[in-house]
Amino acid sequence: MEVVHHHSAFLLPPAPAGHRTSLSYALVVLNQRLPRFAPLLWQHANLRLCADGGANRVFDEMPALFPDEEADVIRNRYKPDVIKGDMDSIRSEVMDFYIKLGTKVVDESHDQDTTDLHKCVSFIRDFTSDLDKSRLCILVVGALGGRFDHEIGNINVLCRFKNMRIILISDDCLIHLLPEGKSHEIHILPSVVGPHCGLIPIGMPSKSTTTTGLQWNINGAEMHFGGLISTSNIAKEDIVTVHSDSDLLWTISIKKPQDRLQ
Ligand SMILES: Nc1ncnc2c1ncn2[C@@H]1O[C@H](COP(=O)(O)OP(=O)(O)OP(=O)(O)O)[C@@H](O)[C@H]1O
Ligand SMILES: Cc1ncc(C[n+]2csc(CCO)c2C)c(N)n1
């Protein structure tokens with residue numbers, strides 16, 4: 001049985017060269033308040049995209065995270081590689097600023113059937129070779145909280161691109177898909193994530209799910225909306241294992257800085 005490993009090392013400062021995991025990261029910034037660790041995720045990523053109005057957030061809010069430095073110095077340091085979307089939210093001064101810095105702008109205003117996050121993930125998929133895709137993890141900030149239609153649209157992107165590793169991240173939690181039929185090993189870093197977590201069937205009921213490492217493990221039980229789903233669970237071990245016959249969402253809380261273990 002294929003074992004898929006999941007880590008959250010992107011919430012720690014990058015390890016020194018030679019000690020890094022084999023994963024590479026792309027970052028997608030959506031149009032919501034930047035999480036406090038946006039600069040850290042930016043540092044981890046090799047490719048940084050803004051979905052339409054996400055560019056306004058980088059322009060306006062990155063400087064606010066560095067109050068002791070000049071705003072334009074920070075804007076030059078945090079230059080997106082790509083801005084893509086239907087371009088109904090990005091301000092023209094922001095677009096002009098980043099075009100002058102050399103950011104690639106992809107205007108897909110003709111497509112009103114897919115979300116800006118979908119457009120960004122398609123770009124990353126098409127930009128990445130098959131070999132690199134297998135080691136690529138897409139970190140998405142600004143995907144949770146806010147408008148419920150957007151949140152559900154963002155979760156739908158996990159399902160539409162289920163062969164890619166995509167993690168939706170807010171200040172409070174992260175969410176990713178555990179595709180069906182595989183053995184998942186989720187490596188918990190207790191200094192930065194947990195203990196609250198959940199396992200939620202998405203799209204269809206799961207007939208059988210088995211877990212280890214949780215306070216309330218599931219031993220072959222069925223889960224469906226209207227019946228059992230696992231919310232307010234607690235990660236008890238540093239490795240949580242999950243196996244299910246259908247796709248599940250995994251979510252785990254992200255610790256506030258003051259609650260982090262030293
Ligand atoms: N309130 C929100 N909650 C969750 N995600 C959001 C929210 N606002 C924006 N996003 C995400 O950021 C992306 C870019 O946002 P933007 O405001 O540019 O989208 P949009 O296509 O103009 O949205 P709409 O026209 O529906 O307001 C969206 O596609 C969505 O993925
Ligand atoms: C059935 C259906 N519902 C909603 C939309 C609208 N829509 C979905 S994604 C998108 C782009 C947002 O940037 C828009 C406008 C549609 N096309 N089809």
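All values reported here derive from a predicted model rather than from experimental measurement.

## Quick word on the sheet that holds strand S11 (residues 206–212)
Either a parallel or an antiparallel arrangement is found when strands of a sheet pair, and the pairing is made through backbone hydrogen bonds. Taking strand neighbours across the sheet as the criterion, the five strands line up as S1-S9-S14-S11-S12 in an open arrangement whose pairing is mixed. Each edge of the open sheet carries a strand with a single partner, namely strand S1 (3–6) and strand S12 (219–223). Looking at each pair of strands side by side, their axes are set apart by 25 degrees on average, direction ignored. With three bridges joining them, S11 and S12 adopt antiparallel strand pairing. Within S12, the position partnered with Thr 210 by the bridge is Asn 219.

## A short note on the site of ligand 2
Around ligand 2, a shell composed of Asp 86, Gln 112, Asp 113, Thr 114, Thr 115 and Asp 116 is seen. Between ligand 2 and Asp 113 there is a distance of 2.7 Å, counted from a nitrogen atom to a side-chain nitrogen or oxygen. Burial of ligand 2 by the protein amounts to 42% of the accessible area it has alone, namely 450 Å². Looking at the shell around ligand 2 residue by residue, the classes come out as no nonpolar, three polar and three charged.

## Side note on the domain arrangement of the protein chain
Where interface size is quoted, it is often the accessible area lost as the parts come together. Here the domain parsing of the protein chain yields domain 1 (23–171) and domain 2 (172–262). Each of domain 1 and domain 2 has a C-alpha centre, and the two are 26 Å apart. Every contact between the two is made by 13 residues of domain 1 and, on the other side, 15 residues of domain 2. Each partner contributes to the roughly 1100 Å² buried at the junction of domain 1 and domain 2, and carbon and sulfur atoms together form 63% of this total. Remark: the boundary between domain 1 and domain 2 carries two salt bridges. For Lys 162, the salt bridge goes to Asp 247, with nearest N and O atoms at 3.1 Å. Linking domain 1 to domain 2 there are five residue pairs in polar contact (both at pLDDT 80 or more). Counting residues per element, the ones that place at least two in the side of domain 1 that touches domain 2 are helix H7 (148–160) and strand S7 (165–169). Looking at which element gives the most residues to the side of domain 1 that touches domain 2, the answer is S7, with four residues. The residue makeup of the side of domain 1 that touches domain 2, split by class, is nine nonpolar, one polar and three charged.

How each quantity is defined
Residues numbered from 1 in each chain as written. Chains lettered and ligands numbered in written order. Predicted model: local features only at pLDDT ≥ 70, side-chain atom pairs only at ≥ 80, totals over all residues. Heavy atoms only, no water. Pairing = 2+ DSSP bridges. Helix = DSSP H or I, 4+ residues; strand = E, 2+ residues; numbered from the N terminus. Axes fitted to C-alpha atoms, helices over the stretch in contact; angles between N-to-C directions. Near = heavy atom within 4 Å. Polar contact = N/O pair within 3.5 Å; in protein donor to acceptor, adjacent residues only side chain to side chain. Areas by Shrake-Rupley, 256 points an atom, 1.4 Å probe, with all protein chains shown as cover. Nonpolar A, V, L, I, M, F, W, Y, C, P; charged D, E, K, R; others polar. Domains from an automatic or database assignment. Contact = heavy atoms within 4.5 Å. Buried area = accessible area lost by both parts, 1.4 Å probe. Salt bridge = Lys/Arg side-chain N within 4 Å of Asp/Glu carboxyl O.

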